[in-house]
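Per-entry structural report
Letter by letter, the chains look like this.
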Amino acid sequence: MIIAAAALTPGAAMAEVCETLRPGWDGVPITIWGEALALFSSPASLFLLAASVTALLLRSAWGALVVCVLWSGLTMMVAAADPEGQRAGAMAEGCRASPALFILAVAALCGGMILYTSRKPREGSTAP
């Protein structure tokens, strides 16, 4: 019984996973909202957010398409890239959560950008 309980507790390998993936983690389990915030505050996401705003302000359909392709690459890396197989251990330990909310927000952002930039203002309209 004691051996089974000791086997279920996080060991040095599990703690090492969280120390590698989230170096300053304080031990509080990450929620899906916290994971989305962490992913949106990464340098790549901040660059793509700025590029998204630029494409929207310029109302550039081609720019929005390029930014959406870049967003797709980033979400693919977030969802699929796990070279050392540490994601499951980190999720079990609580220092990572599902990236589903981040992926859903990116999909909504890209869909909105494509719809907004593909609709041109009518002739004689006072809208910008």
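Presented here is a report on the structure given in the accompanying data block. Since this is a predicted model, take the numbers as computed values, not measurements. (Residues numbered from 1 in each chain as written. Predicted model: local features only at pLDDT ≥ 70, side-chain atom pairs only at ≥ 80, totals over all residues. Heavy atoms only, no water.)

1. Quick word on helix H7 (residues 100-118)
Counted only if it meets this: Strands here are runs of E lasting at least two residues and helices are runs of H or I lasting at least four, both read from the DSSP assignment and numbered beginning at the N terminus. Under the convention used throughout, the expected extent of a helix is 1.5 Å for every residue step, that is, one less than its residue count. Each residue is assigned to one of three classes by its accessible area relative to the maximum for its type, calculated with a 1.4 Å probe on protein chains only: buried under 20%, partly exposed between the two thresholds, exposed over 50%. Arc, as used here, means the arc of the directions from the helix axis to the C-beta atoms. The contact criterion used throughout is that any non-hydrogen atoms of two residues lie within 4.5 Å.
Look at H7: 27 Å from first C-alpha to last across 19 residues, which is about the 27 Å you get at 1.5 Å a residue. Within H7, the full set of buried residues consists of Phe 102, Val 106, Cys 110, Met 113 and Thr 117. Relative to the axis of H7, the buried residues are bounded by an arc of 70° and lie together on one face. Seen from the buried face of H7, the exposed residues on the opposite side, beyond 90 degrees, are Leu 104, Ala 108 and Leu 115. Packed against the buried residues of H7 are helix H3 (32-40), helix H4 (43-58) and helix H5 (61-80).

2. Regarding the nonpolar core
Generally speaking, a soluble globular protein has its nonpolar side chains buried in company with each other. Under the convention used in this document: Each nonpolar core is a collection of buried residues, namely Ala, Val, Leu, Ile, Met, Phe, Trp, Tyr and Cys, held together in the definition by side-chain atoms within 4.5 Å.
The biggest cluster of nonpolar side chains holds 16 residues, and the ones touching the most others in it are Trp 71, Phe 102 and Val 106. For this core, the secondary structure elements donating two or more residues are H3, H4, H5 and H7. With residues up to four places along the chain from it excluded, the contact list for Val 106 reads Phe 40, Trp 71 and Thr 75.

3. Here's the deal with the pattern of salt bridges
Spelled out, the test is: Think of a salt bridge as a Lys or Arg side-chain nitrogen and an Asp or Glu carboxyl oxygen that are within 4 Å of each other.
As enumerated under the stated definition, the model contains 2 salt bridges in all. With a closest N to O distance of 2.9 Å, Glu 35 and Arg 22 form a salt bridge. Separated by 13 residues along the polypeptide, Glu 35 in helix H3 and Arg 22 in the loop between helix H2 (12-21) and H3 bring together distant segments of the chain. Take Glu 35 and Arg 22: they sit in the same class, and that class is buried.

Nothing here speaks to function; it is geometry throughout.
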